[in-house]
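# Descriptive analysis of the structure
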Amino acid sequence: MTTESNDAITTNYHNMDFNYDNDDDYQQHQSPTNNNNNSGAPSIRPAAFETEASSDGLNINSRAAPATKLSELSLPKKKSSILGASSNLVNSIVGAGIIGIPYALRMSGLWAGVLLLLLVAVLTDKSLRLLIEQASFHPKLHHLPIHTFEDLASYPYGKFGSGFVLFNMFIMAYGAMVAYLLIIKDTVPTVLGFEHGENLLERNLILIATSLLIMVPLSMQRDMASLSCTSAISVTADMILVVFVAAFSPVAETVEENGGLGEVLRSDGINSTLFVGLGILSTAMACQHSAFIVANSLEDKTRKRWSWVTKQSIGVSAILCLILGIFGYLGFLGETQGDVLNNFPMGTVQADGARILLAFTMFFTYPMESFVARHVLIMLIHNGDMDAKGGCTLENESRVEEEELGDEGGGGGEGDDLTVSTSRSIIEGGGLLCMNRRQTWTLLVYLSTLLPALIFNDIGPVLSLTGAIGGGCIAYIGPGLLYLGVNGEDFLNAILARLERWRGSKDVNNNSGGGGVTEEDLPVDGDASLEIDATTSIDAYERIVSGSKPLWYYLGLFPIWCAIANKGATHLKKKTDAAFAVTGVSAESAPGDRSLLLPPPTKRDYSIALFFVCFGVVSAVAGVMSNLYVQWNNLDEVDYGDGN
């Protein structure tokens, strides 16, 4: 077999979609199948591995398999450079949230807000790398076509995991899009002479016209790489906007009126509405829901190149947010509004120029979130088939019955429906009227976000609640739980080893009937090729819960962490075993450079993952409660005054 043939096999293999779940109400839409063999069990292999000769040493099925449809799920047709991917990611981050940073500092307190912004930036960078590394470079998952956040979540947690991710992805994207439209309603009409808080009909008509002419056509694009140019323009506009706010905010006058800079710094440390500000900061920095879309668009994706993208993007975004937030807040202090540009007077060239720049940013950032919302809806309703090529429907696509994939309780037998779609039409279908499926859902998403934007006016609560609920779950809780679930086997064995050392030192009989797991059983640090034997992790959780345990086990909430890790490890093994049954290719035998894979997790890695979960739970619960408290007591009310 030629080198070109091997390359084609590798490419096809990584494009194949055999993600499936025994808990799902639906079957994944592009699983490769084969006819039943004489034993009654199906022989299932990817078509990419069906060849006529075996001289190359590949695992070969002598019988031809049906043509297998390759997954189009979220796989872009265009690729981005590091700079292009970074621009897209910065554009995803620096959206409506950046204009609300001064308001976040008002709610949190100056010192607390700055520290929280830095913390959120660090956590965002870590979580972005964590997600892509687990999906693409984990020793157990690198050979599987995990193209989305929910794909990754389905491996350790099944339907619940993918549903949790999709739900919060939609909340984040939907809240952000509503906020973008509200900002357009704040900025463009004001530049045209319609005062904020007045001329509601005119402002709404301007919003509808501008969004239809600019936002909707950009949102109709198929691939995020198509937005690289507009993202670069948007990021440039953001930078100019930051310079404007820093240069023209009345910092000196406002600070002097409040007793000087020293007095402001001493008295403005932390506020009771801290978590309202944290919600806005989480919204501003959260981009985990776009991470896979951006990463899949990156040309020659490696850990190092993705790390460059995240560090550049988060660094630039954090600097922009800090400058705009500090100067914007110090310029207006207690009168800072959710959209800080509303604090600037109408009619001045500088203020109107800044509003135009912000409008450009919103026009070009809205499509980024529209991509995410559209993706979620197509996943839930059409099983991820965005293109609907040739009018192909779920009924005539490749399906594999539950028992063939290692799932429980599936029917089977001679009546199994093992149909395979052979349509390769490049014509997109499946839409309404004269639109295809992608265009139809893009328009429906736009209309659903336009309605609340026409009704409401205040961006502050939208940003805060979006960040508290969606941001807390998808930026912190989700990545932490995913890391714990994907690495659950190693986690359980590490905890068991530590418990057995404690039990041995205390002379405790755990009635386990064996020596258990010792440090010698654990993988060698830095060697990703060594793994704990699968039979060891099966008993690890039972050994942990059955024996005596020290106080630190309960104080550290390890009963909860171990239960989560056990769930993740069990389900992950089941799905990877089922994938092997489908493809005949294991993680060890899959093509690829194993030197690029992740090393075994360390105590520090687990500590970070657990911190993610705890921080996310606290920020989500406290954020919602704080928002209710603020709205109930009207603590965010600002007199629009004569400045507008």
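Look up a bit, the structure's there.
Residues numbered from 1 in each chain as written. Predicted model: local features only at pLDDT ≥ 70, side-chain atom pairs only at ≥ 80, totals over all residues. Heavy atoms only, no water.

This part takes up the overall build of the protein. Within the protein, the regular secondary structure consists of 21 helices and zero strands. The buried share of the protein, taken over its 644 residues, is 56%. Of the contacts formed within the protein by residues at least 6 apart in sequence, a portion of 82% connects residues at least 24 apart. Of the roughly 26,000 Å² of accessible surface on the protein, a fraction of 60% belongs to carbon and sulfur atoms. (Helix = DSSP H or I, 4+ residues; strand = E, 2+ residues; numbered from the N terminus. Buried < 20%, exposed > 50% of the residue type's maximum accessible area, 1.4 Å probe, protein only. Contact = heavy atoms within 4.5 Å. Areas by Shrake-Rupley, 256 points an atom, 1.4 Å probe, with all protein chains shown as cover.)

What follows is about the packing of aromatic side chains. Counting across every chain of the model gives 16 aromatic pairs. Taken together, a centroid distance of 5.1 Å and an interplanar angle of 35° make the contact between Phe244 and Phe248 tilted. Here the residue Phe244 and the residue Phe248 both occupy positions in helix H8 (residues 228–248), the gap between them amounting to four residues, near one helical turn. Relative accessible area serves as the criterion here: at 42%, Phe248 is assigned to the partly exposed category. Considering the side-chain rings of Phe332 and Phe344, the 5.2 Å spacing of their centres and the 80° angle between planes classify their relative orientation as edge-to-face. Here the residue Phe332 occupies a position in helix H13 (residues 303–332), and Phe344 occupies one in the loop between H13 and helix H14 (349–382), the gap between them amounting to 12 residues. (Phe/Tyr/Trp six-rings, centres within 6.5 Å; stacked < 30°, edge-to-face > 60°.)

We now examine a negative patch on the surface. On the surface, Glu253, Glu256, Glu257 and Glu335 cluster together to form a negatively charged patch. In this fold, Glu335 is placed in the loop between H13 and H14. (Patch = residues over 30% accessible without salt bridge, like charges linked within 9 Å, V, L, I, M, F, W, Y side chains within 5 Å. Salt bridge = Lys/Arg side-chain N within 4 Å of Asp/Glu carboxyl O. Lys, Arg positive; Asp, Glu negative; His and termini not counted. Charge placed at Lys NZ, Arg CZ, Asp CG, Glu CD.)

Compared with an ideal rise of 1.5 Å per residue, which puts 12 residues at 16 Å, helix H2 (residues 82–93) spans 16 Å between its outermost C-alpha atoms and is within 8% of the ideal. Here H2 lies mainly inside the structure; 10 of its 12 residues are buried. What H2 keeps buried is the set Gly84, Ala85, Ser86, Ser87, Asn88, Leu89, Val90, Asn91, Ser92 and Ile93. (Expected span 1.5 Å × (residues − 1).)

Take the packing of helix H6 (residues 149–191) against helix H7 (residues 200–219) next. Running from amino to carboxyl end, H6 crosses H7 at an angle of 110°, the nearest separation of the two axes being 9 Å. Taken together, the axis directions place H6 and H7 in an arrangement best described as roughly perpendicular. As H6 packs across H7, the resulting crossing turns out to be right-handed. For the pair formed by H6 and H7, the contact residues are Leu181, Ile184, Lys185, Asp186, Val188, Pro189 and Thr190 on the first element and Leu200, Arg203, Asn204, Ile206, Leu207, Thr210, Ser211 and Met215 on the second. The class makeup of the residues in the contact of H6 with H7 is eight nonpolar, four polar and three charged. (Axes fitted to C-alpha atoms, helices over the stretch in contact; angles between N-to-C directions. Parallel < 35°, antiparallel > 145°, perpendicular 65-115°, else oblique. Left-handed = near helix turned anticlockwise from the far one by under 90°. Nonpolar A, V, L, I, M, F, W, Y, C, P; charged D, E, K, R; others polar.)

Ranked by size, the top nonpolar core spans 138 residues in total, and within it Leu152, Trp306, Leu341 and Phe491 carry the most contacts. Contacts of Phe491, omitting those with residues within four sequence positions, involve Leu484, Phe558, Trp561, Cys562, Ala565 and Tyr606. With nine residues, the next largest nonpolar core counts Val251, Val255, Val264 and Leu330 among its residues. (Core = buried A, V, L, I, M, F, W, Y, C linked by side-chain atoms within 4.5 Å.)

Time to look at the pattern of salt bridges. For the coordinates displayed, the defined rule picks out eight salt bridges. The partner of Asp125 in a salt bridge is Arg129, and the shortest N-O contact between them spans 3.0 Å. Of this pair, Asp125 and Arg129 both sit in helix H5 (residues 110–137), separated by four residues, roughly a single helical turn. One exposure class covers both Asp125 and Arg129, and it is buried.

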